[in-house]
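Descriptive structure summary
What follows is each chain in one-letter form.
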Amino acid sequence: MSETAQKLSSKHLLGIKDLNKKDIELILETANTFKDVINRPIKKVPSLRDITIANIFFENSTRTKLSFELAQKRLSADVVNFAASSSSVSKGETLIDTVNNILSMKVDMVVMRHPYPGAGVFLSKHINAQIVNAGDGAHEHPTQALLDAYSIKEKLGEVAGKKVVIVGDVLHSRVALSNILCLQKLGAEVMVCGPTTLIPKYIGTLGVKVEHNLIKALNWCDVANMLRIQLERQDIKYFPSLREYSMMYGLNKKILNSLDKEIVVMHPGPINRGVEITSDVADSKQSIILNQVENGVAVRMAVLYLLASQKA
Amino acid sequence: MQNLTLLSGKKFQITLERLCHQLIENHNDFSNSVILGIQPRGIYLSQRISDELKNILPSAKIQNGILDITFYRDDFRRGDNPLVPNSTQIDFIIEGKKVVLIDDVLWTGRTIRAAMDAMLAFGRPEKVELLVLVDRRYSRQLPIEPDYIGIKVDSISSQKVVVSWKEADKEDKVVLVSEN
């Protein structure tokens, strides 16, 4: 039996903001056992066999959607998938109507990605099902932060006391906010780095360091989490050109080799090779990008298992 | 609260040795057999049995694994607290092997049902047997019976059988706890 908490303090997973340190530790610890499970010859356990989960994606996704679906299937849950682009949403149905219709088909849990911040919180107030936020606009992406923390812990043994720099488009990134909150709750130090236009003005109030020079930031950190430039969310030009951005903030092998220590390189995906990170760095042994994806399934299994195990 | 000690000290040790000799009768040198302790409390017994077997058969290689059954239980979402998983460690192949499942107390039989399901994720054994230290008779809810029994206990459902181990609880003993 573990010393940590036995159950989550929340009915939903809407954001890292609502979790306490014990919740996060419980999720990471449970993910350990699921990582064992997905490396067995038979990768499936029957825990969630009487649970139906709807994956509702109002925004595109590859990794998160596949990862959630695999996690659900390996827990033996029944899964229905819904993509907004091919649905009645385009005919004018509201979010609550859409979800309530899905729920009347007896769905226990909803995994939702939505372009609007707070969509998950909104939904949790209006419908009677457990909600897992799979990304809401530029707000939070809790499972990504949990799997990043898990991957750091797996690689470095501990999250507490480690220095993590988040580089790039912090302004439009839900990964950044969730990561900052999660890593701080686990006792890590966090720095953000990027051009002034892509760093939110008041980010300092979260207790993170701000640095505009990539080399200085990399020399400070143990782990660098490189974010993608989210061109689809940028309505105006935040920097002159991608080429200039990549010269100032792109991570390449030359910079990596010039550092006096071996840092760990992470990326939440999808990667724009040659922009925020070059191919030789992304594929180097310092990069744990694919480990992050593998751990994503285990962490999501843990989240779904812990939420579903709350008495119906 | 009333505690009745059913087994302790030398008698406890003799019981373990007797179980080992019974195992050897059916499994010879354990070349085609493995033992699996069920988490969380069966692992102490399986470790003890495995140590004892090594004493009796110094040349034999005893393969001892631990099996967590949490994800296979049938009471998921039915209790107030979520079921917290433990680790599973099976570093060998059970396909075609004779498997001895080991747990401390056999009561309703539901744990063993779950253990059989959990075990099948690691292959198809030739044969599965069950060894328990304590058999609480006449309380089964499933058609499951042990092959090797340390002691048999007649108890009612409000009573508890508590097994303590030197490694974890400082003392080897089996106690019947009655609340009144």
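Residues numbered from 1 in each chain as written. Chains lettered and ligands numbered in written order. Predicted model: local features only at pLDDT ≥ 70, side-chain atom pairs only at ≥ 80, totals over all residues.

- The name that an unreviewed UniProt entry assigns to chain A is Aspartate carbamoyltransferase, with the source organism given as Pedobacter segetis.
- If you open the UniProt record of chain A and go to Subunit (unreviewed entry), you find "Heterododecamer (2C3:3R2) of six catalytic PyrB chains organized as two trimers (C3), and six regulatory PyrI chains organized as three dimers (R2)."
- If you open the UniProt record of chain A and go to Catalytic activity (unreviewed entry), you find "carbamoyl phosphate + L-aspartate = N-carbamoyl-L-aspartate + phosphate + H(+)". (UniProt positions renumbered as here; feature names shortened; annotations may be inferred.)

1. Here's the deal with the overall build of chain A
- In terms of helices and strands, chain A carries 11 helices and nine strands.
- Computed over the C-alpha atoms, the radius of gyration of chain A is 19 Å, within 12% of the 20 Å expected from 2.2 N^0.38 for a compact globule of 312 residues.
- Viewed in the frame of its principal axes, chain A has a C-alpha envelope of about 55 × 50 × 35 Å.
- Buried positions account for 45% of the 312 residues belonging to chain A.
- Restricting to contacts in chain A with at least 6 residues of sequence separation, those with at least 24 account for 75%. (Helix = DSSP H or I, 4+ residues; strand = E, 2+ residues; numbered from the N terminus. Rg over C-alpha atoms; globule rule 2.2 N^0.38 Å. Buried ≥ 20, exposed ≤ 12 C-beta atoms within 10 Å, placed from the backbone. Contact = placed C-beta atoms within 7 Å.)

2. Thoughts on helix H1 (residues 21-38) of chain A
Residue and element names in this part refer to chain A.
- The terminal C-alpha atoms of H1 lie 26 Å apart, and with 18 residues this matches the ideal 26 Å at 1.5 Å per residue to within 8%.
- Along H1, the positions that sit buried rather than exposed are Asp 23, Ile 24, Glu 25, Leu 26, Ile 27, Leu 28, Thr 30, Ala 31, Thr 33, Phe 34 and Val 37.
- Considering only its buried residues, H1 is in contact with helix H5 (142-156), helix H6 (174-185) and helix H11 (289-308). (Expected span 1.5 Å × (residues − 1).)

3. Looking at unusual backbone geometry
- Between Gly 269 of chain A and Pro 270 of chain A the backbone carries a cis peptide bond, its omega angle lying at -10 degrees.
- Within the element layout of this structure, Pro 270 of chain A appears in the loop between strand E9 (264-266) and helix H10 (279-282).
- Residue Pro 40 of chain B is bonded to the preceding Gln 39 of chain B through a cis peptide linkage, with omega at -5 degrees.
- Residue placement: Pro 40 of chain B occurs in the loop between strand E2 (33-38) and helix H2 (42-56).
- Notably, Asn 28 of chain B is not glycine yet its phi reads approximately 50 degrees, a positive angle.
- One can find Asn 28 of chain B in the loop between helix H1 (9-27) and E2.
- The residue Phe 30 of chain B is not glycine, and still its phi comes out positive at about 65 degrees.

4. Comments concerning the UniProt feature "binding site: carbamoyl phosphate" (unreviewed entry) in chain A
Residue and element names in this part refer to chain A.
- The feature "binding site: carbamoyl phosphate" (unreviewed entry), as annotated in UniProt, sits at Arg 63, Thr 64, Arg 113, His 141, Gln 144, Gly 269 and Pro 270 in this numbering.
- Position of Thr 64 among the secondary structure elements: in helix H2 (residues 63-74).
- A tally of 24 C-beta atoms within 10 Å means that Thr 64 is categorised as buried.
- In contact with Thr 64, not counting residues within four places along its chain, are Arg 113, Ala 134 and Gly 135.
- By secondary structure assignment, the location of Arg 113 is in strand E3 (residues 109-114).
- Overall, the presence of 26 C-beta atoms within 10 Å leaves Arg 113 in the buried class.
- Those residues in contact with Arg 113 that lie beyond four places of it in its chain are Phe 57, Phe 58, Glu 59, Ser 61, Thr 64, Ala 134 and Gly 135.

5. With respect to the interface of chain A and chain B
- Taken together, the contacts link 19 residues of chain A with 15 residues of chain B.
- Contributions of two or more residues to the side of chain A that touches chain B are made by H1 and H11 of chain A.
- Across the side of chain A that touches chain B, the residue classes tally to eight nonpolar, seven polar and four charged. (Nonpolar A, V, L, I, M, F, W, Y, C, P; charged D, E, K, R; others polar.)

6. Regarding the sheet that holds strand E2 (residues 78-83) of chain A
All names here are of chain A.
- The sheet built from four strands is open, its strands ordered E2-E1-E3-E4 with parallel pairing. Unpaired on one side and paired on the other, E2 and strand E4 (130-136) mark the two borders of the sheet. Averaged over all pairs of adjacent strands, the angle between their axes in this sheet comes to 15 degrees, without regard to strand direction.
- The sheet contact formed by strand E1 (residues 52-57) and E2 spans six bridges and is parallel. Residue pairing across strands places Ile 56 opposite Phe 82, the latter belonging to E2. (Pairing = 2+ DSSP bridges. Axes fitted to C-alpha atoms, helices over the stretch in contact; angles between N-to-C directions.)

7. Describing the domain arrangement of chain A
Residues and elements named next belong to chain A.
- If you check the domain split of chain A, you get domain 1 (16-140 + 294-308) and domain 2 (142-292).
- The C-alpha centroid of domain 2 is placed 25 Å from the C-alpha centroid of domain 1.
- The interface of domain 1 with domain 2 comprises 23 residues on the first partner and 25 residues on the second.
- When contributions to the side of domain 1 that touches domain 2 are tallied by element, the ones reaching two or more residues are H1, E4 and H11.
- The greatest single-element share of the side of domain 1 that touches domain 2, amounting to six residues, is contributed by H11.
- For the side of domain 1 that touches domain 2, the per-class residue count stands at nine nonpolar, seven polar and seven charged. (Domains from an automatic or database assignment.)

8. Examining the pairing of strand E3 (residues 63-67) of chain B
Residue and element names in this part refer to chain B.
- Counting buried residues along E3, four of its five residues qualify, which places the element largely inside the surrounding structure.
- The pairing of E2 with E3 spans five bridges and is parallel. Bridge pairing in E3 links Val 34 to Gln 63.
- The β-α-β motif built from E2, the intervening H2 and the parallel element E3 has right-handed crossover chirality. (Right-handed = clockwise from strand over helix to strand, strands pointing away.)

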